[in-house]
2 protein chains.
Amino acid sequence: MAKKYVYFFGAGMTEGSAEMKNLLGGKGCNLAEMANLGIPVPPGFTITTEICSEYYENNGAYPEGLKTQVEKNLAKMEATIGAKLGDAENPLLVSIRSGARASMPGMMDTVLNLGLNNTTIKGIIQQSGDERFAYDCYRRFVQMYGDVVLGLKPVEKDERDPFEIILEAKKEKKGVSLDNELSSEDLRELVAEFKLEIKERLGIDFPEDPVEQLWGAIGAVFGSWNNDRAIAYRELNNIPGHWGTAVNVQAMVYGNMGEDSGTGVAFTRNPATGENVFFGEYLMNAQGEDVVAGIRTPRPINKVQKGESPLPSLEEEMPDIYRELIDIRKNLEEHFRDLQDVEFTIQKGRLWMLQTRSGKRTGFAALRIAVEMVREGLIEKEEAIMRIDPEQLNQLLNPVFSTDEKNKAIAEGRLLAKGLNAGPGAACGKVVFNAADAEELANKGEGNLILVRIETSPEDIRGMNAASGILTARGGMTSHAALVARQMGKVCVAGCGALDIDYTAQEMKVGDRIIKNGDYISIDGTLGEVLLGEIKTTPSETLRVLLDKTLRPEESLIYQIYAEIMSWADEIRTLGVRTNADEPNQVDNAISFGAGGIGLCRTEHMFFEGDRIDSIREMILADDIAGREKALSKLMPMQRDDFIGIFRLMNGMPVTIRTLDPPLHEFLPHSPKEIGALAEKIGTSREKLTSKIASLEETNPMLGHRGCRLGIVYPEITGMQARAIFEAACQVAKEGIKVLPEVMIPLVGHVKELMMQKEVVDRVAKEVIEAHGIELDYLVGTMIELPRAAITADEIAQVAEFFSFGTNDLTQMTFGLSRDDAGKFLPYYITEEILENDPFQQLDQGGVGKLVDMAVQLGRKTKPTLKIGICGEHGGDPSSIEFCHKVGLDYVSCSPYRVPIARLAAARAALKYK
Amino acid sequence: MAKKYVYFFGAGMTEGSAEMKNLLGGKGCNLAEMANLGIPVPPGFTITTEICSEYYENNGAYPEGLKTQVEKNLAKMEATIGAKLGDAENPLLVSIRSGARASMPGMMDTVLNLGLNNTTIKGIIQQSGDERFAYDCYRRFVQMYGDVVLGLKPVEKDERDPFEIILEAKKEKKGVSLDNELSSEDLRELVAEFKLEIKERLGIDFPEDPVEQLWGAIGAVFGSWNNDRAIAYRELNNIPGHWGTAVNVQAMVYGNMGEDSGTGVAFTRNPATGENVFFGEYLMNAQGEDVVAGIRTPRPINKVQKGESPLPSLEEEMPDIYRELIDIRKNLEEHFRDLQDVEFTIQKGRLWMLQTRSGKRTGFAALRIAVEMVREGLIEKEEAIMRIDPEQLNQLLNPVFSTDEKNKAIAEGRLLAKGLNAGPGAACGKVVFNAADAEELANKGEGNLILVRIETSPEDIRGMNAASGILTARGGMTSHAALVARQMGKVCVAGCGALDIDYTAQEMKVGDRIIKNGDYISIDGTLGEVLLGEIKTTPSETLRVLLDKTLRPEESLIYQIYAEIMSWADEIRTLGVRTNADEPNQVDNAISFGAGGIGLCRTEHMFFEGDRIDSIREMILADDIAGREKALSKLMPMQRDDFIGIFRLMNGMPVTIRTLDPPLHEFLPHSPKEIGALAEKIGTSREKLTSKIASLEETNPMLGHRGCRLGIVYPEITGMQARAIFEAACQVAKEGIKVLPEVMIPLVGHVKELMMQKEVVDRVAKEVIEAHGIELDYLVGTMIELPRAAITADEIAQVAEFFSFGTNDLTQMTFGLSRDDAGKFLPYYITEEILENDPFQQLDQGGVGKLVDMAVQLGRKTKPTLKIGICGEHGGDPSSIEFCHKVGLDYVSCSPYRVPIARLAAARAALKYK
C-alpha cells in the first residue's frame with residue numbers, strides 16, 4: 001500500500017492533529033486541530049511536508065500514489081460541500097496555501113479562487129447571485145495564477161507589474177480611480193486581457209482545466225519553499241532547508257460577498273503588550289489579503305481596542321459573530337495554552353476560521369503572557385521559561401527615550417507624526433529609504449539606521465534586520481512590517497499616514513517639512529511617535545527599578561514580570577552566572593542584574609584611567625628591571641584601591657582577576673604629537689621613544705608577546721598585580737567582609753607557563769597574607785584560550801585551580817581567523833552558508849566546542865572537582881550557554897547587561913537537558 | 001638490607017658491566033666492562049647515578065648505607081693494591097671523576113691525587129723515590145681541591161685564578177718561566193701558600209683527613225652536575241636533567257713519574273675521516289689533563305699518523321706498549337662494535353687504561369665507520385642506520401670551498417696559516433674573539449661568524465654553537481675545540497700556532513698581518529687552512545656526484561658511502577619522502593636527492609618571477625570579476641608552462657600543487673616610489689592605488705584573508721589555477737608521460753570550504769580533460785593547518801582525497817604564536833625550559849602532535865585508506881619524522897637538501913617502531 005501523503009480536515013472527518021506539525025506543517029495541523037475542537041473550518045486536505053523533499057530530490061516529480069490520494073480527498077471535499085471542481089452549475093473553488101513546520105509569514109506563495117474558468121464562472125455567478133463579485137474573483141485568480149504559477153512577473157528591478165499596468169490602463173480608460181469602481185463588464189474584459197498578456201509574453205494558454213490548475217498551484221507552492229525571500233527568512237531564523245513545506249488545499253470562503261461578509265485577523269491577547277484582551281482587525285466586504293497588505297486601513301475588533309477612533313468595531317457591527325469569536329478564542333487558548341494568531345472570514349453572515357497559529361509577540365508581551373498564563377493556571381512555570389526567548393528580555397532592558405529630552409523635542413515642534421505603536425522601544429538613526437541600502441550601510445558599520453518604507457514586503461527582510469527601527473506609512477498592527485519587527489525585536493511605528501514618501505527623490509514630506517536620506521529621526525515604538533533629529537535615550541522602566549534603589553518595585557508591572565521570571569529561572573538553573581566587569585560601577589550594575597560573581601576582571605582596563613597611563617608607559621619604556629619596578633610601584637596602590645572597591649561591593653562573591661593580557665604597544669601613543677608629549681614627560685628623546693615604540697610593533701599582535709608571556713618575561717609585573725590583589729583582599733577581609741579572589745593567568749599554552757606564574761602569585765600572596773596576619777582563601781587558575789591549552793588540559797589541571805574558557809581567542813586560534821580582519825570574508829561565509837553563524841557571536845560547537853568539551857573532560861580527569869567557567873563573549877549568548885550547560889561548566893560570565901539573559905538561558909538549558 | 005649503591009671494578013672482582021650504563025654512567029660501566037675483558041684498569045668503585053638524584057632531592061644528604069658501602073669498597077681497593085688511604089708509609093691516592101649516562105666531556109668536575117696531606121706526602125716521596133714529583137702532585141691536588149671542592153675561583157669575569165697568581169709570583173721570584181723549572185722546595189712552599197690563601201679567603205682549613213677529602217670530592221662531583229656549563233651542554237644535546245651523574249673513585253696511576261711514564265688519548269679509528277687506522281696522541285711524563293688541555297703539543301701515536309712530522313711516535317718510542325694498545329684496540333672494537341675513544345696512562349713502563357667510551361666523530365666518519373663495520377661483519381646494516389644521526393649527512397652535503405676560488409686566494413697570498421683539520425667542511429664569516437659576543441651576534445641574526453680563540457673551554461659552548469666555524473691557536477685533534485666542533489658538525493681548524501691572538505685589542509696577528517674583530521676569514525676544516533677574506537663555496541663531493549650526471553660515482557669513496565647508506569635506508573623505511581619544490585631546477589635537485597614526489601608546490605612563488613608580478617597585481621587591483629579574469633587569463637599560460645616543466649621532470653611521480661595561499665597584500669608594493677611606478681604602469685592614480693593597498697592591510701595577516709578564503713571569495717583565481725594545472729597535465733600526458741596531479745586547498749577550517757573549492761577544481765578539470773579527450777587521474781585534497789581542520793578531520797575527509805599537514809601554521813595557531821613575533825620571548829622560553837625545543841623546528845608532540853594524531857585517526861575513520869602527508873618544515877626534522885612514522889603518515893615532504901636526511905630518519909623510525 002502506498003504511504004499516506006494526504007490528510008483530510010473539516011466536516012467531522014479530520015485525520016490530522018496538532019501533534020503532526022512536522023508532517024502537516026503549522027497551518028495544516030492547526031486547521032485539523034481546530035476542526036477537531038468543533039471550530040468551523042472550511043473543509044480541505046493537507047499534502048505532507050515529505051512530498052516537498054521528494055519534489056526537490058526528484059526535480060519536481062511526485063511519488064506514486066499521490067495523484068490518487070489527492071483525487072480521493074478532492075472527491076471527499078466535493079461530497080461534503082456539495083460542489084464539484086469544474087462543475088458548470090455548482091463549481092467548487094479552492095485555495096492552495098503553503099504551511100511549514102515553522103511559521104514563515106508571507107514568504108511562500110498562495111493561490112486563491114482556483115477552479116474558475118470560462119465555464120465555472122457561470123456557476124459562480126448563479127450561486128452567488130453577484131456577477132461583479134464572480135468576475136472580481138476571476139480577475140484576481142488569473143492575476144495571481146499568472147504571477148505565482150506561470151511566472152509572469154516584472155523582470156527588471158524597477159519594472160512595474162504587467163497585470164497592474166493593464167489594470168491601471170483599464171481604470172484610466174474608464175475614468176475611475178479605485179478597483180471597486182470597475183464594473184462587472186470591465187472585470188470580464190480584464191480577465192481576457194490578462195490571459196492574452198500571458199499568451200503573448202509567455203506563449204502559454206491559460207489553463208482552463210481546474211485539475212491542471214490545481215496541480216500547477218501545488219507545484220508552485222512547493223517551488224516557493226526555495227525562493228530568495230524564503231531562503232533569506234530561514235537564514236535569519238535558523239530554519240533548516242530540509243524541513244520543507246506542506247500544501248493545504250481548502251474550500252474557498254469569501255469575505256467579499258457583500259456587506260454581510262468580511263475578513264479579519266486577530267490575536268487572542270495583545271501581541272505588543274501581552275495584555276489579556278482580544279485584539280484584532282477586520283474589513284467588511286474584503287478578502288483576507290486586503291487586511292494584511294495594508295492598502296485599506298482595517299477596523300478594530302472591539303470597543304476596548306477602538307478607543308477614541310471614529311471607526312466602528314466588529315463587536316458593534318456584528319455582535320453575534322463577535323461573541324462566537326470570543327468563544328473560539330477561549331477554546332483555542334485553553335487548548336493550545338498559548339497566544340493564538342487567527343484568520344477568519346465571514347461569508348454572508350457565517351463565521352469560518354481559516355487559520356490559527358502561535359502568535360508572534362514582542363519580547364515584553366512574551367514575558368507577560370507567559371507569566372500571566374502561569375498565574376491563570378494554563379501553563380507551568382517550566383513551560384513559561386521554555387517559551388521565552390532569552391533575547392526578548394532585551395526589550396525590557398533596552399533603553400527608552402528620556403522623557404525630558406522627548407518633551408523638549410516636542411516643545412521644539414519636532415514631533416513629526418503619530419502612527420501605530422507596532423514594535424515597542426526607542427530607536428534613533430539616519431533615515432534610509434531602501435532595504436538594500438540599509439543592509440549595505442550596516443555592513444559598512446553604520447550602526448543606527450531607520451528604514452522608512454511606504455509598506456514593507458518580504459524582500460525587505462535583510463534590510464529590516466540591518467536597521468535599528470522601522471517606520472511605514474501604510475499598514476496596521478498586523479501588517480508585514482509590524483509582524484516582522486515584533487519578531488525581530490525591532491522598534492517599529494507602522495501605518496503613519498502623514499508621511500509622504502518619494503523613493504525617487506529619496507525623501508519624505510511630513511506637512512511642509514522635508515526629511516532626506518541620511519537625516520536623523522527618532523521613533524518611539526511604544527507610543528507610535530516619530531520625531532525629528534536625535535533624542536537621548538534613558539534606561540527602561542525595568543532597568544530603572546533594578547538600578548535605582550529608591551524606586552518601588554511593587555509599583556512597576558513590568559518589573560514584577562521581570563522579577564517573577566528571573567526568580568523561576570534562578571530556581572531552575574544549575575549553571576552559575578557571573579559578569580565581566582572591571583570597574584566598581586559596572587560591578588554595582590552587575591549585582592543588580594543578578595550576577596553571582598565576577599568571571600573576568602581585566603586589570604589592564606584600569607591602566608587607562610587618568611594618569612595611570614603615564615606610569616604604565618614608564619614601566620614599558622624602562623630599560624631594566626629597576627626602572628620597571630619603580631614604575632610598577634606607582635601603579636600598585638592604584639590597582640589595590642580598585643580591587644578594594646570591587647571586593648567590598650562583591651561582598652564574598654568570587655572575583656576572578658586576570659593578570660595583564662594585551663601586548664604592551666597597546667598602551668603606547670602612536671601619533672607623532674602624542675609621542676613628542678610623552679618623550680618630554682618622561683625625559684627622553686623623541687627619536688629614542690619612537691624607536692622603542694617601533695621595536696614593540698608586531699606583525700601579528702594577536703599571536704605575539706601578550707598574555708602570560710609578558711608576566712613570564714617580566715615576572716615583576718605579575719608580582720605587582722598579585723601584591724595589589726592580596727593587599728586589597730587582606731584589607732577588606734580585615735573590615736569583616738568575606739573576600740574570594742581568583743587570580744587568572746591568561747594565554748597559557750603550556751603547563752610550565754602557569755607553573756611559573758603561579759609561583760610568583762603564591763609567593764607574593766604568602767608574603768602579604770602573613771604580613772597581615774590573617775587567613776585568606778584564594779585560587780590561581782588559567783584561561784583556556786589557546787588550542788594547545790585545551791589539548792593539554794589534563795597537564796594544565798595539575799597546576800590550575802580553575803579553568804575559564806576565553807572563547808574569543810580560542811575561536812580566533814581554532815579558526816585561524818582574526819576578528820579584526822574577518823570583515824573581508826566572514827559576512828560572505830555566512831551568506832554562502834559556509835558557516836551557519838558568526839562564530840564570534842555563537843560558539844562554533846562543531847569545532848571550537850569540541851576543544852571546549854575535550855578540555856573539560858581532560859581537566860576533570862586530573863581534578864574531578866575542577867571549577868570551570870567561560871568568560872568569552874559567548875558567555876552571554878543563549879545557544880552557547882546551552883552548550884556550556886551541556887558540557888558541564890560551572891558558570892558562564894558575561895557583560896552586566898547580558899546577565900538576566902544568561903540566567904534565563906541557563907534555566908532553559910537546565911530544562912532541556914533535565 | 002640497604003640497596004646496592006656502590007659497584008667495584010678491577011683486580012678480577014668487577015661487579016658492573018656495560019649493560020649497567022644508566023646506573024653506573026658511561027665511564028663507570030665501561031671501566032667495569034674493560035676490567036671484565038681483561039684489560040688493565042686501575043681498581044676502584046662507582047657510586048651510582050641514583051645517588052645523584054637523591055643528593056639533589058635531599059639537599060646534599062646521602063641515603064643511609066652509602067657510607068658503609070663506600071668504606072667497604074675502599075677497603076677492598078686498599079687490600080687489592082696494598083696501599084691505604086691516609087697511610088703514612090704506603091698511602092693510596094685516588095681520582096674522583098664524574099660519569100653520566102651520556103658523555104658530557106669536560107662539563108663536570110674531577111679531583112685527582114686525593115689522599116695527600118702532610119703525613120702521606122712522606123709515604124709518596126718514599127714510594128716514588130721522587131720528592132719533586134710528590135710535591136708536584138700535592139701542589140696540583142691542593143689547587144684542584146681548592147678550586148673544585150672548596151670553591152676558591154675568580155669571582156669577577158676578568159679576574160685571574162688566585163692559585164695561578166701565586167704560582168706566577170713564585171716563578172717570577174725564582175726567575176723561571178715554566179712550571180717544571182720549579183724545585184721540590186718551591187712546590188712545597190706553594191702547597192703551604194695555597195692552603196694559606198684558602199684559609200684567608202674562605203676561612204676554611206684545608207682538610208687533612210683523606211676520608212673528609214674523599215667525601216668533599218664526591219659531593220663536589222655530584223654538585224657539578226648542575227653547574228652552568230653542564231646545564232648548557234645538556235640543553236644543546238637534549239640530555240634530561242634527572243639522569244644525574246655517577247662518581248668514580250679510582251686508584252691513581254701516574255704518567256708523570258719520569259721518562260718511562262706517559263699518558264695519552266686515542267681513537268680506535270680516525271674520528272675525523274672514519275678511516276680504519278688507530279689514531280691518537282700522547283705526551284711522555286705528563287698527566288692526562290695535559291694532553292686535552294692543549295698546553296703542550298702532543299705527539300702522534302703511530303708512524304702512519306706522524307707523516308712528515310719531526311716528532312717521535314709512541315709506536316717508535318715504546319713499541320711494546322704500542323702493541324699492547326693495538327691488542328686492546330682490537331679487543332674493544334670487537335667487544336663494543338663501535339669506534340672507541342680511550343684514555344691511557346703508562347706508569348713506569350706499565351700500561352693502564354683509564355677510560356673507554358664511544359668516540360665522538362664527524363658526520364662523515366660516522367657514515368664511513370658504520371658502512372665499513374657492516375662490511376667487516378662487526379654490525380648489521382640496521383644497526384649502522386641506527387648509529388648515524390641523520391643530521392650528520394649534512395657534512396656530506398654541505399658546501400666546500402670552490403677549488404678555483406681557493407687557489408686564486410692562495411695565489412693572492414691570502415693563505416694565512418695552517419692548523420689541524422679538526423672539523424671538516426668550509427666556513428667563512430666575520431671574526432669574533434669571544435663566545436658571548438658570538439652568541440649575541442647570532443641572536444641578532446648575524447649568520448656567519450668564525451669564533452677565534454687561543455683555546456676553547458666548556459664555557460664557550462653556546463658561542464661555538466652560534467658560530468659557523470671555530471679556529472684555535474692551541475690544542476690537538478682531541479682538544480676541547482676539536483671534540484666539540486666534530487660533535488656539533490662545525491667546521492674547525494685547531495692548534496693553528498701561527499695565530500697571535502690579543503683578546504684585549506680584539507685582534508690577531510699572523511706574521512705581519514693584523515685581523516681585527518669583524519674582518520672576514522675563511523677556514524677549510526678538511527685541510528686545516530686559514531685564509532683571509534671571503535671565499536666562494538661550491539657543492540661537496542657527494543653533492544657534485546649526485547647533481548652532475550657526467551661524474552663517475554664509482555670514483556668517489558664518499559659518494560659510495562652515501563649511496564650505500566641511502567640504499568639501506570630506502571630498503572628499511574616505510575614512510576615516503578617527497579620534496580617541497582616550486583621550480584623545475586629545484587625539482588631536478590630533489591629527484592637527485594631521492595624525492596619520491598612533490599609534497600608541496602607553492603604556486604605563489606611562481607608569481608614573483610619576471611613580469612608575472614604585474615599581472616598578479618593587475619588581478620588584485622581589479623575592481624570587478626571581469627577585470628580579475630582578464631588579468632588571470634594572462635597568468636594562466638605562465639603557470640601552465642611551469643607545471644608542464646615540473647610534470648615532465650617528475651615523470652609519473654605525484655605532484656601536490658597548492659592553490660594560492662598568501663594574503664594578497666604580499667604581492668603589492670609598499671614604498672611610495674614603487675607605488676608610483678605601479679600606478680603609472682596600470683594607468684590609475686597614485687592616490688587610488690595607495691588607498692587600495694591600504695584597504696588590503698591587515699591587523700593580523702596570519703589570521704586574515706588568505707588561503708582558501710581567497711579562492712572562496714574569488715573562485716576565478718582557483719579556476720585559473722586549476723585550468724593551468726590540468727592544461728599542463730593533459731599536454732604532458734599526451735606526450736606519453738604519466739602525470740599525477742594532486743590539487744591541495746590551503747587553510748581549510750570547515751569542510752564546506754573544501755567542498756566549494758573542490759567543486760571549482762572538479763568543474764575545470766572535467767572541462768579541460770574532456771576537451772583534450774584523454775583519461776587523467778587526479779586528487780583534490782587539503783592542508784590540515786588549522787586546529788579546526790584537525791578537530792573536524794572526519795568531516796573534511798568526506799570530501800578530501802588526501803590530507804597534508806601544514807605544521808608551520810598548525811603550530812602557530814595551536815600555540816597562538818606568530819613565528820615572526822616570537823623572537824621577543826621564544827628564546828627565553830627555551831632557556832627557561834618552558835619549552836624543550838623550538839616548536840617551529842621540532843614538532844611539539846605533546847600539543848600540536850596530539851592534533852595531528854587526532855586528525856589522522858578521524859580522517860581514517862571516515863576514509864580508511866586516506867593518503868596523509870606532512871609538508872611543514874617539520875617534514876625535514878628527524879624527531880618529527882619519527883613522530884610522523886609513529887602516527888601512520890604515508891609520507892613526509894621537505895626541502896630538497898633535507899631529502900637524504902629524511903630518508904635516513906624515516907628508516908630509523910621504521911627500525912625503532914618495528
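Residues numbered from 1 in each chain as written. Chains lettered and ligands numbered in written order. Predicted model: local features only at pLDDT ≥ 70, side-chain atom pairs only at ≥ 80, totals over all residues. Heavy atoms only, no water.

Residue and element names in this part refer to chain B. Judged by pairing direction, the sheet is mixed, and its eight strands sit side by side in the order 12-22-21-14-15-16-17-13 without closing on themselves. The open sheet has two edge strands with one neighbour each: strand 12 (415-418) and strand 13 (420-423). Sheet twist, expressed as the mean angle between neighbouring strand axes with direction ignored, is 30 degrees. Packing of helix 17 (residues 403-411) onto the sheet brings it into contact with strand 12, strand 21 (520-524) and strand 22 (529-532), and relative to strand 22 it is tilted by some 70 degrees. (Pairing = 2+ DSSP bridges. Helix = DSSP H or I, 4+ residues; strand = E, 2+ residues; numbered from the N terminus. Axes fitted to C-alpha atoms, helices over the stretch in contact; angles between N-to-C directions. Contact = heavy atoms within 4.5 Å.)

Residues and elements named next belong to chain A. Of the two faces of strand 2 (residues 44-47), the one carrying Gly-44 and Thr-46 and the one carrying Phe-45 and Ile-47 are both buried. Sheet analysis places strand 2 next to strand 5 (residues 245-251), joined by four bridges and oriented antiparallel. Across the sheet, Phe-45 pairs through a bridge with Val-249, a residue of strand 5. (Buried < 20%, exposed > 50% of the residue type's maximum accessible area, 1.4 Å probe, protein only.)

Here we take up the relation of the copies chain A and chain B. Between the two copies, chain A and chain B, the superposition gives an RMSD of 0.3 Å; the rotation angle is 180 degrees and the shift along the axis is 0.3 Å. Taken together, the rotation and translation describe the operation of a two-fold axis. In this assembly, 100% of the residues forming the interface of chain A have copies in chain B that are likewise at the interface, indicating an isologous arrangement. (Least-squares fit on C-alpha atoms with pLDDT ≥ 70 in both.)

Bringing helix 22 (residues 557-572) of chain B into the picture now. All names here are of chain B. Between the first and last C-alpha of helix 22 there are 23 Å, a value that for 16 residues agrees with the 22 Å anticipated at 1.5 Å per step. Where helix 22 is concerned, the buried positions are Tyr-559, Ile-561, Tyr-562, Ile-565, Met-566, Trp-568, Ala-569 and Ile-572. In the core, the buried residues of helix 22 are packed alongside helix 14 (363-375), helix 15 (381-387), helix 16 (394-397), helix 21 (541-547) and helix 37 (899-912). (Expected span 1.5 Å × (residues − 1).)

All names here are of chain A. If you walk across this open sheet you meet the three strands as 18-19-20, and the pairing is antiparallel. In this open sheet, the two edge strands, each paired with only one partner strand, are strand 18 (499-502) and strand 20 (513-516). Direction aside, neighbouring strands of the sheet carry axes that sit 25 degrees apart on average. Of the pairings in the sheet, the one linking strand 19 (residues 507-510) to strand 20 comprises four bridges and is antiparallel in character. The partner of Lys-509 across the bridge, within strand 20, is Ile-514.

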